[in-house]
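Next come the chains, spelled out residue by residue.
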Amino acid sequence: MKRDMELVRRILLRVEEKFQPGTGWMENLEIDGYEMTIVAEHCDLLYQESLIREYKAFYGDGQICSFGVGPLTYEGHNFLEYVRDEETWKKTVKEIRENKLPSTIETYGTVAASISGAFLRE
């Protein structure tokens, strides 16, 4: 599986929008245009990066049959603030592609923060 940073952003936006405090976790988060297993694997990556608090996958016949995610962490909220704005996101993606920068959470956050700062200076 190849990491999809657009999906990462969409997952964070959806978790922020839909997570109900006190519920523990959300089950089988759906993102339009993506298969459940791909969403689940990306949620696992977000958990590994400490951007979401919980991740649990349930397997049947060797495949993920359901999964759950917890709320955003403090770091998850911070990253989302950098990439939330659609215009900032598009400029961030363009900057990373044009300069052949690594496609990592850190790179996207740093570039988006820089672009956001440029908006503040204008």
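Note that this is a predicted model, so its numbers are computed, not measured.

Here is what the cut-offs are and how they apply
Residues numbered from 1 in each chain as written. Predicted model: local features only at pLDDT ≥ 70, side-chain atom pairs only at ≥ 80, totals over all residues. Heavy atoms only, no water. Helix = DSSP H or I, 4+ residues; strand = E, 2+ residues; numbered from the N terminus. pLDDT = per-residue confidence, 0-100. Axes fitted to C-alpha atoms, helices over the stretch in contact; angles between N-to-C directions. Left-handed = near helix turned anticlockwise from the far one by under 90°. Contact = heavy atoms within 4.5 Å. Nonpolar A, V, L, I, M, F, W, Y, C, P; charged D, E, K, R; others polar. Salt bridge = Lys/Arg side-chain N within 4 Å of Asp/Glu carboxyl O. Buried < 20%, exposed > 50% of the residue type's maximum accessible area, 1.4 Å probe, protein only.

1. Thoughts on unusual backbone geometry
- We note that asparagine 28 has phi near 50°; this positive angle belongs to a residue other than glycine.
- Position of asparagine 28 among the secondary structure elements: in the loop between strand 1 (26–27) and helix 2 (36–48).

2. What about the confidence of the model for the protein chain?
- Per-residue confidence for the protein chain gives a mean pLDDT of 92; residues scoring 70 or more make up 96%.
- The secondary structure element of the protein chain with the lowest average pLDDT is helix 5 (residues 105–121), at 82, and the one with the highest is helix 2, at 97.

3. Thoughts on the packing of helix 1 (residues 5–18) against helix 3 (residues 74–83)
- Where helix 1 meets helix 3, the closest approach of the two axes is 10 Å, and the angle between their N-to-C directions is 115°. As for the relative orientation of helix 1 and helix 3, their crossing is left-handed in sense. Of helix 3, the residues touching helix 1 (which contributes Met5, Val8, Arg9, Leu12, Leu13 and Glu16) are His77, Phe79, Leu80 and Val83.
- Class assignment for the residues of the contact of helix 1 with helix 3 results in seven nonpolar, one polar and two charged.

4. Remarks on the pattern of salt bridges
- In this structure the tally under the stated criterion is seven salt bridges.
- The shortest N-O distance in the salt bridge between lysine 18 and glutamate 17 comes to 3.7 Å.
- Looking at glutamate 17, the relative accessible area reads 54%, which means it is exposed.
- For the salt bridge of glutamate 98 with lysine 94, the shortest nitrogen-to-oxygen distance reads 3.9 Å. Of this pair, glutamate 98 and lysine 94 both sit in helix 4 (residues 86–98), separated by four residues, roughly a single helical turn.
- On the accessibility criterion, glutamate 98 (53% relative accessible area) is exposed.
- It is possible to trace a salt-bridge network through shared partners that takes in Glu6, Arg9 and Glu86.

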